[in-house]
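Examining the three-dimensional arrangement
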Amino acid sequence: EGMALPQRIIFPPEKICMDWQQRQRPGAGLFNLGNTCYINVILQCLTYTPPLANYLLSYEHSQSCQQQGFCMMCIMEAHVRKVLCSSASAILPGAVLRDLKFIGEGFEYGRQENAYEFLRCTLSAMQRACLSGWSNLDISSQETTIVHQIFGGFMKSRVTCLSCQAVVDSYKAFLDVSLDIRAASSLTTVLEDCVTPKELDQKECFKCSKCKKKVAASKRVTVHRAPRVLTLCLERADQWTGTKISKFVEYPEYLDLRPYMSDTAGQPLLCSLYAIVVHSGDTCLEGHFFCYTRASNGMWYKMDDESVDSCDIHTVLGQQAYLLFYSR
């Protein structure tokens, strides 16, 4: 309700398979060519995202791709196949490094960059590839690509007039959620705070259409439609001081999204953790990224550039996580 329906469905959601279609040991590690760890962790987390890997391994994209030159979906398809099917212990993500400037204009080869920024640019580049060949699509239709069908959800923002209780709802699509962890000790406390109504300050004062004047109002943001894969960034850079927030924030293996939804009634909406990215280093501008992913065999592995080592869930849950990937 209140949301525009798409005029076209680019990728039908019923074609998405959330479980691995083939189970195997983990694939290859990725060589670091000097400050490329931020690329490696995101490529590994995306490779072990089951609905995305299933789609890319099916060749469905490349068989119909009309794009000349750079196509992020074709690059990802070739990369995932190489990682999961290679007998080598490590491979070089050569095509990604070669086309770095097409993925994100700000990226410079050999310079330390941010993994979250690389994730966002990679998903955007994949989205652009999915829209290639389509023209005059409305916004709602653009949000039906395979990228949005996997990673996309919708937030609902409800502003309530504190004088007459009139409400105004608006909706916004998202591919990831960034969370302020300065005051939090756990992921659930951060999420509870996110959905708690906040009174708007005078600068943001709200003109109520019923009261016909600017009034005090409160705003509540909830998850209106949950994504199949939820990507969370625990903001480690303090916006005020620029220093790194190095504290441990507890996060669960299984997360119920129901309490944070617009509609809190009904069945639990369970997501399970399948990948995390960790940043080690004293400041946000230097250091090293590594990740933990759950392979198709159900086992967890620490992936640190070319090394891939098995580990247990307790190790995974004890990290100073930066990015968390949950799958429905």
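- As recorded in an unreviewed UniProt entry, the protein chain goes by UBP42 hydrolase and comes from Malurus elegans.

**Overview of the pattern of salt bridges**
- In total, this model carries 9 salt bridges according to the counting rule given.
- Arg182 is the partner of Asp180 in a salt bridge, and the nearest nitrogen-oxygen pair spans 2.7 Å.
- What you see here is one network of salt bridges that share partners, running through Glu108, Arg111 and Glu113.

**Comments concerning helix α7 (residues 115–131)**
- The end-to-end C-alpha distance of α7 is 24 Å, a good match for the 24 Å that 17 residues give at a rise of 1.5 Å each.
- Among the 17 residues that make up α7, 13 are buried, leaving the element largely enclosed by the rest of the structure.
- Of the residues that open α7, the one with a side-chain oxygen 2.7 Å from the backbone nitrogen of Tyr116 is Asn114.
- Following α7 by one or two positions, Gly133 adopts a phi angle in the positive range, close to 95°.

**Let's talk about the packing of aromatic side chains**
- According to the stated counting rule, one finds 10 aromatic pairs in the structure shown.
- Note on Tyr38 and Phe118: the rings are 5.6 Å apart at their centroids and 90° apart in plane angle, and the pair reads as edge-to-face. Of this pair, Tyr38 sits in helix α1 (residues 37–47) while Phe118 is found in helix α7, placing the two residues 80 residues apart along the sequence.
- Under the relative-accessibility criterion, Tyr38 is labelled buried at 1%.
- Taking the relative accessible area as the measure of exposure, Phe118 reaches 0% and is therefore buried.
- Ring geometry for Phe290 versus Tyr292: centroids 6.0 Å apart, planes at 70°, classification edge-to-face.
- Residue classification places Phe290 among the buried residues on the basis of a relative accessible area of 10%.

So, how was this worked out
Residues numbered from 1 in each chain as written. Predicted model: local features only at pLDDT ≥ 70, side-chain atom pairs only at ≥ 80, totals over all residues. Heavy atoms only, no water. Salt bridge = Lys/Arg side-chain N within 4 Å of Asp/Glu carboxyl O. Helix = DSSP H or I, 4+ residues; strand = E, 2+ residues; numbered from the N terminus. Expected span 1.5 Å × (residues − 1). Buried < 20%, exposed > 50% of the residue type's maximum accessible area, 1.4 Å probe, protein only. Polar contact = N/O pair within 3.5 Å; in protein donor to acceptor, adjacent residues only side chain to side chain. Phe/Tyr/Trp six-rings, centres within 6.5 Å; stacked < 30°, edge-to-face > 60°.

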